[in-house]
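# Tertiary structure, described
Residues per chain, in single letters:
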Amino acid sequence: MGRQVLEIEAAAVAALARRLGPEFSAAVRLILDSRGRVVVSGIGKSGHIARKLAATFASTGTPAYFVHAAEAVHGDLGMITRDDVLIAISNSGENDELLTIVPLVKRLGGKLIAITGNETSSLAQEADIHLDARVDQEACPLNLAPTASTTAALALGDALAVALLDARGFGADDFARSHPGGALGRKLLTHVGDVMRSEVPTLAEDTPVPAALAAMTLGGMGMAVVLDAGRKITGIFTDGDLRRALERLGDLRATPVSAVMTRHPRGIGPRRLAVEAVEMMEANKINQLLVTDDAGALLGALNMHDLFRAKVV
(Lines give C-alpha, C1' and ligand atoms only; values in the text may rest on other atoms or scores of the structure.)
Protein backbone atom coordinates (compact mmCIF):
# COMPACT_ATOMS: atom_id res chain seq x y z
CA MET A 1 0.00 0.00 0.00
CA GLY A 2 2.86 2.35 0.83
CA ARG A 3 4.46 1.79 -2.57
CA GLN A 4 1.13 2.28 -4.28
CA VAL A 5 0.60 5.64 -2.57
CA LEU A 6 4.05 6.83 -3.64
CA GLU A 7 3.51 5.67 -7.21
CA ILE A 8 0.13 7.41 -7.48
CA GLU A 9 1.48 10.67 -6.07
CA ALA A 10 4.61 10.53 -8.24
CA ALA A 11 2.42 9.99 -11.31
CA ALA A 12 0.30 12.99 -10.33
CA VAL A 13 3.35 15.25 -10.15
CA ALA A 14 4.77 13.88 -13.42
CA ALA A 15 1.46 14.64 -15.14
CA LEU A 16 1.69 18.23 -13.89
CA ALA A 17 5.07 18.67 -15.59
CA ARG A 18 3.65 17.52 -18.91
CA ARG A 19 0.68 19.92 -18.64
CA LEU A 20 2.64 23.00 -17.63
CA GLY A 21 2.15 25.72 -20.21
CA PRO A 22 1.44 29.41 -20.91
CA GLU A 23 -0.76 29.85 -17.84
CA PHE A 24 2.20 29.04 -15.60
CA SER A 25 4.39 31.62 -17.35
CA ALA A 26 1.58 34.15 -17.07
CA ALA A 27 1.31 33.49 -13.33
CA VAL A 28 5.05 34.09 -12.90
CA ARG A 29 4.81 37.35 -14.88
CA LEU A 30 1.77 38.52 -12.91
CA ILE A 31 3.60 38.09 -9.60
CA LEU A 32 6.83 39.64 -10.91
CA ASP A 33 4.92 42.72 -12.11
CA SER A 34 2.96 43.07 -8.88
CA ARG A 35 3.88 45.92 -6.54
CA GLY A 36 2.34 44.13 -3.57
CA ARG A 37 2.73 40.77 -1.90
CA VAL A 38 1.51 37.27 -2.59
CA VAL A 39 -1.36 36.18 -0.35
CA VAL A 40 -1.91 32.43 -0.23
CA SER A 41 -5.20 31.03 1.06
CA GLY A 42 -7.05 27.77 1.44
CA ILE A 43 -9.22 25.68 3.76
CA GLY A 44 -8.56 22.30 5.37
CA LYS A 45 -5.72 20.31 3.84
CA SER A 46 -5.41 22.91 1.10
CA GLY A 47 -4.96 25.48 3.86
CA HIS A 48 -1.96 23.57 5.20
CA ILE A 49 -0.49 23.50 1.70
CA ALA A 50 -1.17 27.23 1.34
CA ARG A 51 0.61 28.00 4.61
CA LYS A 52 3.68 26.04 3.50
CA LEU A 53 3.75 27.73 0.09
CA ALA A 54 3.53 31.19 1.65
CA ALA A 55 6.62 30.32 3.71
CA THR A 56 8.43 29.03 0.61
CA PHE A 57 7.63 32.17 -1.38
CA ALA A 58 8.80 34.41 1.47
CA SER A 59 12.09 32.56 1.92
CA THR A 60 12.95 32.61 -1.78
CA GLY A 61 12.56 36.30 -2.54
CA THR A 62 8.80 36.71 -3.08
CA PRO A 63 7.18 38.56 -0.13
CA ALA A 64 4.18 36.47 0.89
CA TYR A 65 1.92 35.55 3.77
CA PHE A 66 -0.88 33.10 4.51
CA VAL A 67 -4.49 34.12 5.18
CA HIS A 68 -7.01 31.56 6.38
CA ALA A 69 -10.07 31.90 4.18
CA ALA A 70 -12.49 31.52 7.11
CA GLU A 71 -10.67 34.19 9.13
CA ALA A 72 -10.57 36.48 6.09
CA VAL A 73 -14.34 36.91 6.12
CA HIS A 74 -14.14 37.90 9.79
CA GLY A 75 -11.66 40.75 9.47
CA ASP A 76 -8.40 39.37 8.06
CA LEU A 77 -9.45 40.49 4.60
CA GLY A 78 -8.21 43.91 5.68
CA MET A 79 -4.63 42.65 5.25
CA ILE A 80 -5.08 42.34 1.49
CA THR A 81 -4.50 45.39 -0.72
CA ARG A 82 -5.20 46.26 -4.36
CA ASP A 83 -1.53 45.65 -5.21
CA ASP A 84 -1.50 42.07 -3.91
CA VAL A 85 -1.88 38.78 -5.77
CA LEU A 86 -4.12 36.18 -4.14
CA ILE A 87 -3.31 32.52 -4.75
CA ALA A 88 -6.38 30.49 -3.80
CA ILE A 89 -5.98 26.72 -3.46
CA SER A 90 -8.95 24.35 -3.64
CA ASN A 91 -9.11 20.97 -5.33
CA SER A 92 -12.84 21.21 -6.02
CA GLY A 93 -12.74 24.92 -6.74
CA GLU A 94 -16.09 25.26 -4.99
CA ASN A 95 -15.04 26.13 -1.46
CA ASP A 96 -17.60 28.53 0.05
CA GLU A 97 -15.14 30.56 2.14
CA LEU A 98 -12.81 31.17 -0.80
CA LEU A 99 -15.67 32.03 -3.11
CA THR A 100 -16.88 34.56 -0.53
CA ILE A 101 -13.59 36.48 -0.40
CA VAL A 102 -12.66 36.28 -4.10
CA PRO A 103 -15.18 38.91 -5.31
CA LEU A 104 -14.11 41.22 -2.48
CA VAL A 105 -10.44 40.90 -3.39
CA LYS A 106 -11.19 41.53 -7.05
CA ARG A 107 -13.32 44.56 -6.13
CA LEU A 108 -10.26 45.97 -4.37
CA GLY A 109 -8.30 45.58 -7.58
CA GLY A 110 -6.25 42.57 -6.49
CA LYS A 111 -5.41 39.76 -8.90
CA LEU A 112 -6.35 36.11 -8.45
CA ILE A 113 -4.41 32.96 -9.32
CA ALA A 114 -6.45 29.81 -8.65
CA ILE A 115 -4.90 26.39 -8.18
CA THR A 116 -7.67 23.82 -8.53
CA GLY A 117 -8.36 20.35 -9.83
CA ASN A 118 -11.38 21.50 -11.83
CA GLU A 119 -10.98 24.03 -14.63
CA THR A 120 -14.76 24.50 -14.91
CA SER A 121 -15.19 25.26 -11.20
CA SER A 122 -16.44 28.60 -9.90
CA LEU A 123 -13.03 29.48 -8.49
CA ALA A 124 -11.27 28.68 -11.77
CA GLN A 125 -13.77 30.79 -13.70
CA GLU A 126 -13.34 33.77 -11.36
CA ALA A 127 -9.54 33.63 -11.57
CA ASP A 128 -7.35 35.90 -13.68
CA ILE A 129 -5.12 32.85 -14.15
CA HIS A 130 -6.03 29.23 -13.46
CA LEU A 131 -3.32 26.63 -12.80
CA ASP A 132 -4.57 23.10 -13.41
CA ALA A 133 -3.62 20.76 -10.56
CA ARG A 134 -6.07 17.96 -11.32
CA VAL A 135 -5.15 14.37 -10.52
CA ASP A 136 -6.57 11.14 -11.93
CA GLN A 137 -7.10 9.68 -8.47
CA GLU A 138 -6.31 10.20 -4.83
CA ALA A 139 -3.81 7.84 -3.24
CA CYS A 140 -6.42 6.96 -0.63
CA PRO A 141 -7.97 3.54 -1.47
CA LEU A 142 -11.39 5.14 -0.97
CA ASN A 143 -10.41 7.91 -3.40
CA LEU A 144 -11.59 10.39 -0.78
CA ALA A 145 -8.79 11.66 1.48
CA PRO A 146 -6.79 14.57 -0.04
CA THR A 147 -3.46 12.92 -0.83
CA ALA A 148 -2.37 13.05 -4.47
CA SER A 149 -4.31 16.30 -4.95
CA THR A 150 -2.53 18.09 -2.09
CA THR A 151 0.84 16.74 -3.27
CA ALA A 152 0.12 18.11 -6.75
CA ALA A 153 -0.89 21.53 -5.39
CA LEU A 154 2.25 21.63 -3.24
CA ALA A 155 4.53 20.69 -6.14
CA LEU A 156 2.89 23.22 -8.44
CA GLY A 157 3.29 25.95 -5.83
CA ASP A 158 6.94 25.01 -5.34
CA ALA A 159 7.47 25.19 -9.10
CA LEU A 160 5.98 28.69 -9.09
CA ALA A 161 8.18 29.82 -6.18
CA VAL A 162 11.38 28.46 -7.72
CA ALA A 163 10.58 29.92 -11.15
CA LEU A 164 10.15 33.30 -9.44
CA LEU A 165 13.42 32.80 -7.56
CA ASP A 166 15.19 32.18 -10.86
CA ALA A 167 13.50 35.11 -12.61
CA ARG A 168 14.52 37.48 -9.81
CA GLY A 169 18.14 36.30 -9.87
CA PHE A 170 17.80 35.34 -6.19
CA GLY A 171 21.19 33.92 -5.16
CA ALA A 172 22.89 32.17 -2.26
CA ASP A 173 23.65 35.43 -0.44
CA ASP A 174 19.99 36.46 -0.67
CA PHE A 175 18.96 33.04 0.60
CA ALA A 176 21.38 33.34 3.52
CA ARG A 177 19.88 36.66 4.59
CA SER A 178 16.45 35.07 4.92
CA HIS A 179 17.83 31.98 6.70
CA PRO A 180 20.27 33.42 9.29
CA GLY A 181 19.48 30.88 11.99
CA GLY A 182 20.65 27.30 12.42
CA ALA A 183 23.01 25.20 10.35
CA LEU A 184 21.77 26.57 7.03
CA GLY A 185 22.55 30.14 8.05
CA ARG A 186 26.00 29.21 9.32
CA LYS A 187 26.87 27.48 6.06
CA LEU A 188 25.65 30.33 3.91
CA LEU A 189 26.81 33.30 6.01
CA THR A 190 30.16 32.15 7.40
CA HIS A 191 33.14 33.12 5.26
CA VAL A 192 36.70 31.84 5.41
CA GLY A 193 37.87 35.17 6.83
CA ASP A 194 35.47 34.73 9.77
CA VAL A 195 37.06 31.48 10.96
CA MET A 196 40.65 31.56 9.74
CA ARG A 197 43.60 31.99 12.09
CA SER A 198 45.71 35.05 11.34
CA GLU A 199 48.61 33.91 13.54
CA VAL A 200 50.17 31.10 11.52
CA PRO A 201 53.63 29.57 12.21
CA THR A 202 56.02 30.33 9.35
CA LEU A 203 59.45 28.91 8.52
CA ALA A 204 62.39 29.77 6.31
CA GLU A 205 63.26 27.18 3.68
CA ASP A 206 66.56 26.29 5.40
CA THR A 207 64.98 25.69 8.82
CA PRO A 208 66.08 22.26 10.16
CA VAL A 209 63.27 19.80 10.60
CA PRO A 210 63.59 19.67 14.45
CA ALA A 211 63.13 23.46 14.63
CA ALA A 212 60.26 23.23 12.16
CA LEU A 213 58.63 20.58 14.34
CA ALA A 214 58.93 22.84 17.39
CA ALA A 215 57.35 25.77 15.52
CA MET A 216 54.57 23.57 14.20
CA THR A 217 53.82 22.24 17.71
CA LEU A 218 53.78 25.74 19.18
CA GLY A 219 51.37 26.92 16.50
CA GLY A 220 48.82 24.22 17.38
CA MET A 221 47.55 23.79 13.83
CA GLY A 222 49.42 20.65 12.82
CA MET A 223 51.23 22.65 10.13
CA ALA A 224 53.62 25.50 9.41
CA VAL A 225 53.98 27.58 6.26
CA VAL A 226 57.35 27.71 4.49
CA LEU A 227 58.31 31.07 2.98
CA ASP A 228 61.24 32.12 0.79
CA ALA A 229 63.39 35.20 1.38
CA GLY A 230 60.76 37.39 -0.27
CA ARG A 231 57.99 36.06 2.04
CA LYS A 232 56.44 34.16 -0.83
CA ILE A 233 54.78 30.83 -0.01
CA THR A 234 56.84 27.90 -1.25
CA GLY A 235 55.35 25.06 0.73
CA ILE A 236 53.60 23.72 3.82
CA PHE A 237 55.02 21.38 6.47
CA THR A 238 52.48 19.13 8.18
CA ASP A 239 52.33 16.21 10.59
CA GLY A 240 51.87 13.96 7.55
CA ASP A 241 55.02 15.34 5.91
CA LEU A 242 56.97 14.61 9.11
CA ARG A 243 55.77 10.99 9.27
CA ARG A 244 56.53 10.37 5.63
CA ALA A 245 60.01 11.92 6.00
CA LEU A 246 60.81 9.76 9.04
CA GLU A 247 59.84 6.62 7.13
CA ARG A 248 61.91 7.64 4.13
CA LEU A 249 64.98 9.30 5.65
CA GLY A 250 65.12 8.33 9.32
CA ASP A 251 67.50 10.90 10.82
CA LEU A 252 66.14 14.39 10.06
CA ARG A 253 68.30 16.46 12.42
CA ALA A 254 70.28 18.09 9.60
CA THR A 255 67.53 18.04 6.97
CA PRO A 256 66.10 21.41 5.89
CA VAL A 257 62.33 21.65 5.90
CA SER A 258 62.36 22.48 2.17
CA ALA A 259 63.45 18.88 1.49
CA VAL A 260 60.38 17.33 3.12
CA MET A 261 57.62 19.94 2.79
CA THR A 262 54.65 19.76 0.44
CA ARG A 263 55.13 22.20 -2.40
CA HIS A 264 52.36 24.21 -4.06
CA PRO A 265 49.94 23.97 -1.11
CA ARG A 266 46.29 24.66 -1.76
CA GLY A 267 44.83 28.01 -0.77
CA ILE A 268 41.52 29.82 -0.63
CA GLY A 269 40.48 33.47 -0.48
CA PRO A 270 39.05 35.03 2.72
CA ARG A 271 35.80 36.05 1.02
CA ARG A 272 34.92 32.50 -0.03
CA LEU A 273 32.28 30.64 1.97
CA ALA A 274 33.62 28.47 4.76
CA VAL A 275 31.57 25.57 3.41
CA GLU A 276 33.62 25.83 0.20
CA ALA A 277 36.76 25.33 2.29
CA VAL A 278 35.20 22.17 3.72
CA GLU A 279 34.45 20.87 0.23
CA MET A 280 38.01 21.62 -0.91
CA MET A 281 39.52 19.83 2.09
CA GLU A 282 37.33 16.79 1.65
CA ALA A 283 37.93 16.60 -2.10
CA ASN A 284 41.72 16.77 -1.66
CA LYS A 285 41.85 14.73 1.57
CA ILE A 286 43.67 17.45 3.51
CA ASN A 287 43.10 18.88 6.98
CA GLN A 288 44.69 22.32 6.57
CA LEU A 289 44.14 25.09 4.06
CA LEU A 290 46.07 28.32 3.56
CA VAL A 291 44.21 31.61 3.19
CA THR A 292 45.76 33.96 0.65
CA ASP A 293 44.96 37.26 -1.04
CA ASP A 294 44.54 37.74 -4.79
CA ALA A 295 48.32 38.04 -5.21
CA GLY A 296 48.95 34.77 -3.34
CA ALA A 297 50.32 36.42 -0.17
CA LEU A 298 49.66 34.61 3.11
CA LEU A 299 46.79 36.00 5.19
CA GLY A 300 46.18 33.07 7.51
CA ALA A 301 45.16 29.44 7.61
CA LEU A 302 42.47 27.15 8.91
CA ASN A 303 42.11 23.49 9.67
CA MET A 304 39.16 21.19 9.92
CA HIS A 305 38.93 21.68 13.70
CA ASP A 306 38.34 25.42 13.15
CA LEU A 307 35.44 24.57 10.88
CA PHE A 308 34.03 22.10 13.41
CA ARG A 309 34.18 24.78 16.11
CA ALA A 310 32.35 27.22 13.83
CA LYS A 311 29.72 24.48 13.26
CA VAL A 312 30.12 24.76 9.51
CA VAL A 313 30.72 21.01 9.33
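Residues numbered from 1 in each chain as written. Predicted model: local features only at pLDDT ≥ 70, side-chain atom pairs only at ≥ 80, totals over all residues. Heavy atoms only, no water.

### Structural notes on the pairing of strand β4 (residues 111–116)
A regular strand places its side chains so that they alternate between the two faces of the sheet. We count it as follows: Exposure classes here rest on a 1.4 Å probe applied to the protein chains alone. A residue is buried below 20% of its type maximum, exposed above 50%, and partly exposed in between. By the criteria applied, helices consist of DSSP H or I runs no shorter than four residues and strands consist of E runs no shorter than two, each listed in order from the N terminus. Two strands make a pair as long as DSSP finds a minimum of two bridges between them. Seen with its strands pointing away from the viewer, a crossover is right-handed if its path from the first strand over the helix to the second goes clockwise.
Most of β4 is tucked away, with 5 of its 6 residues classed as buried. Bridge analysis of strand β3 (residues 85–90) against β4 gives 6 bridges, and the strand direction is parallel. Looking at β4, one finds that I89 is bridged to I115. Since β3 and β4 lie parallel, the crossover through helix α5 (residues 96–108) that links them has a hand, and here it is right-handed. Of the strand pairs in this sheet, β4 and strand β5 (residues 129–132) are connected by 4 bridges, and their pairing is parallel. Across the sheet, I115 pairs through a bridge with L131, a residue of β5.

### Digging into the side chain of H130
The test is simple: The definition of a polar contact used here is a pair of N or O atoms within 3.5 Å, where within protein one atom must be able to donate a hydrogen and the other to accept one, and adjacent residues in sequence count solely through side-chain atom pairs. Residue contacts are defined here by distance: any two heavy atoms, one from each residue, within 4.5 Å place the two residues in contact.
Along the chain, H130 falls in strand β5. A polar side-chain atom of H130 sits 2.6 Å from a polar atom in the side chain of T116. Excluding its chain neighbours within four sequence positions, the residues that come into contact with H130 are E23, A114, T116, N118, E119 and A124.

### Observations regarding the sheet that holds β3
By definition, the strands of a sheet pair up through backbone hydrogen bonds, in either a parallel or an antiparallel sense. So the rule is basically this: Axes, fitted as lines to C-alpha atoms, cover a helix only where it is in contact. Angles between the N-to-C directions of the axes lie from 0 to 180 degrees.
Judged by pairing direction, the sheet is parallel, and its 5 strands sit side by side in the order β2-β1-β3-β4-β5 without closing on themselves. At either margin of the open sheet sits one strand with a lone partner, and together these are β2 (64–68) and β5. Recorded for the sheet is a direction-independent mean angle of 20° between the axes of neighbouring strands. Strands in contact with α5 are β1 (38–42), β3 and β4; relative to β3, the strand with the most contacts, it is inclined by about 165°.

### Observations concerning unusual backbone geometry
Unusually for a residue other than glycine, N143 sits at a positive phi of about 55°. By the element assignment, N143 lies in the loop between β5 and α7 (148–168). Relative accessible area serves as the criterion here: at 42%, N143 is assigned to the partly exposed category. One non-glycine residue with positive phi stands out, namely R231, at about 65°. Along the polypeptide, R231 turns up in the loop between β7 (223–227) and β8 (233–238).

### Description of the nonpolar core
The cut-off we apply is this: Throughout, nonpolar core names a set of buried Ala, Val, Leu, Ile, Met, Phe, Trp, Tyr and Cys residues whose side chains join them through atoms within 4.5 Å.
Membership of the largest hydrophobic core comes to 29 residues, with the highest contact counts inside it found for F57, I87, I89, I113, L131 and L160. No other element matches α7, which puts 6 residues into this core.

### Description of the confidence of the model for the protein chain
We count it as follows: For every residue, the predictor states its confidence as a pLDDT score lying anywhere from 0 to 100.
Looking at the protein chain as a whole, the pLDDT averages 89, with 93% of positions reaching at least 70. At the level of individual helices and strands, the protein chain shows its lowest average pLDDT in helix α9 (residues 182–189), which scores 58, and its highest in β5, which scores 97.

### Comments concerning the sheet that holds strand β6 (residues 202–204)
With mixed pairing, 4 strands are arranged side by side in an open sheet as β6-β7-β8-β9. Every other strand in the sheet has two partners, leaving β6 and β9 (262–263) as the edge strands with one partner each. Bridge count between β8 and β9: 2 bridges; the pairing is antiparallel. Looking at the pairing, G235 lines up with R263 of β9. In this fold helix α11 (residues 209–219) packs onto β6, β7 and β8, with an angle of close to 75° to the strand it touches most, β8.

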